[in-house]
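Close look at the chain arrangement
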Amino acid sequence: MDLALSKVIELRESGFQFLHLRDEDGQLDRIMAFKQRRGFIDSILFWSETEARAGRLPAVRDSQRAAQAVWIYEGPLVEAVDRLLDLPEPGSRNAPTLMKRTASDLAVVTTLPFSLKLPPGAIA
């Protein structure tokens, strides 16, 4: 537990913001951390020390299509944080750029517990 907690602290110290996502009964279900980086959002969802999902998604996407990640990892929390923080900076030589798998649960906008209602033609 101490190592997992230190990794969560490392995310916070790296500039990640956190959302506590609750189930229908109001109980904490999972935690999401995210950070915008040069046109991409790095995000991680975790349910426990042994269950996490991390990815890098384009910050701007077509809201009519499922979100896709250019990089994704599923596994233990400690490993997910290490791999996410070790990703090359977007735009650098070895940074991932090809769209891979659907990752809607890692998209911050689709994970929020509310939706934006805008009049037709509104710009958000």
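Placed above this text is the structure.
Below or above, wherever it landed, is the structure these notes cover. The shown structure was predicted, so the numbers you read here are calculated from the model rather than taken from an experiment. (Residues numbered from 1 in each chain as written. Predicted model: local features only at pLDDT ≥ 70, side-chain atom pairs only at ≥ 80, totals over all residues. Heavy atoms only, no water.)

Turning to helix H2 (residues 77-85), a few remarks are in order. Residues separated by three or four positions in an α-helix point in the same direction, a consequence of the helix having 3.6 residues per turn. Every buried residue of H2 is listed here: Leu77, Ala80, Val81 and Leu84. Buried residues in H2, looked at end-on, bunch into an arc of 95°, giving them a common side. (Buried < 20%, exposed > 50% of the residue type's maximum accessible area, 1.4 Å probe, protein only. Helix = DSSP H or I, 4+ residues; strand = E, 2+ residues; numbered from the N terminus. Arc of directions from axis to C-beta.)

Okay, the sheet that holds strand E1 (residues 17-22) next. Judged by pairing direction, the sheet is antiparallel, and its five strands sit side by side in the order E1-E2-E3-E4-E5 without closing on themselves. Here the strands that pair on one side only, and so sit at the sheet edges, are E1 and strand E5 (71-75). Across the sheet, the axes of successive neighbouring strands diverge by a mean angle of 15°, strand direction being ignored. The pairing of strand E3 (residues 40-46) with strand E4 (residues 52-58) spans seven bridges and is classified as antiparallel. Pairing of Ile41 across the sheet is with Leu57, part of E4. Taken strand by strand, helix H1 (residues 2-13) contacts E1, strand E2 (28-37) and E3, and its axis lies near 125° from that of E1. Its contacts with the sheet put H2 on E3, E4 and E5, and the angle it makes with E3 is roughly 170°. (Pairing = 2+ DSSP bridges. Axes fitted to C-alpha atoms, helices over the stretch in contact; angles between N-to-C directions. Contact = heavy atoms within 4.5 Å.)

This part covers the pattern of salt bridges. This structure, assessed with the given rule, holds eight salt bridges. The closest approach of N and O atoms between Arg37 and Asp42, which form a salt bridge, is 3.0 Å. Given the relative accessible area of 15%, Arg37 is considered buried. Take Asp42: its relative accessible area is 0%, and that puts it in the buried class. The salt bridge involving Glu79 is made with Arg83; its shortest N-O contact spans 2.7 Å. Pair noted here: Glu79 and Arg83 are both in helix H2, with a separation of four residues, about one helical turn. (Salt bridge = Lys/Arg side-chain N within 4 Å of Asp/Glu carboxyl O.)

It is worth spelling out the packing of H1 against H2 at this point. Running from amino to carboxyl end, H1 crosses H2 at an angle of 30°, the nearest separation of the two axes being 9 Å. Our classification of the angle between H1 and H2 gives roughly parallel. The way H1 lies across H2 gives a crossing that is left-handed. Residues Leu3, Ala4, Lys7, Val8, Glu10 and Leu11 of H1 form the contact with H2, whose own contacting residues are Leu77, Val78, Val81, Asp82 and Leu85. Here the contact of H1 with H2 is composed, by residue class, of eight nonpolar, no polar and three charged. (Parallel < 35°, antiparallel > 145°, perpendicular 65-115°, else oblique. Left-handed = near helix turned anticlockwise from the far one by under 90°. Nonpolar A, V, L, I, M, F, W, Y, C, P; charged D, E, K, R; others polar.)

The topology assignment puts Lys7 in helix H1. Residues within four places of Lys7 in sequence aside, it is in contact with Val78, Val81 and Asp82.

This is a description of form; function is not addressed.
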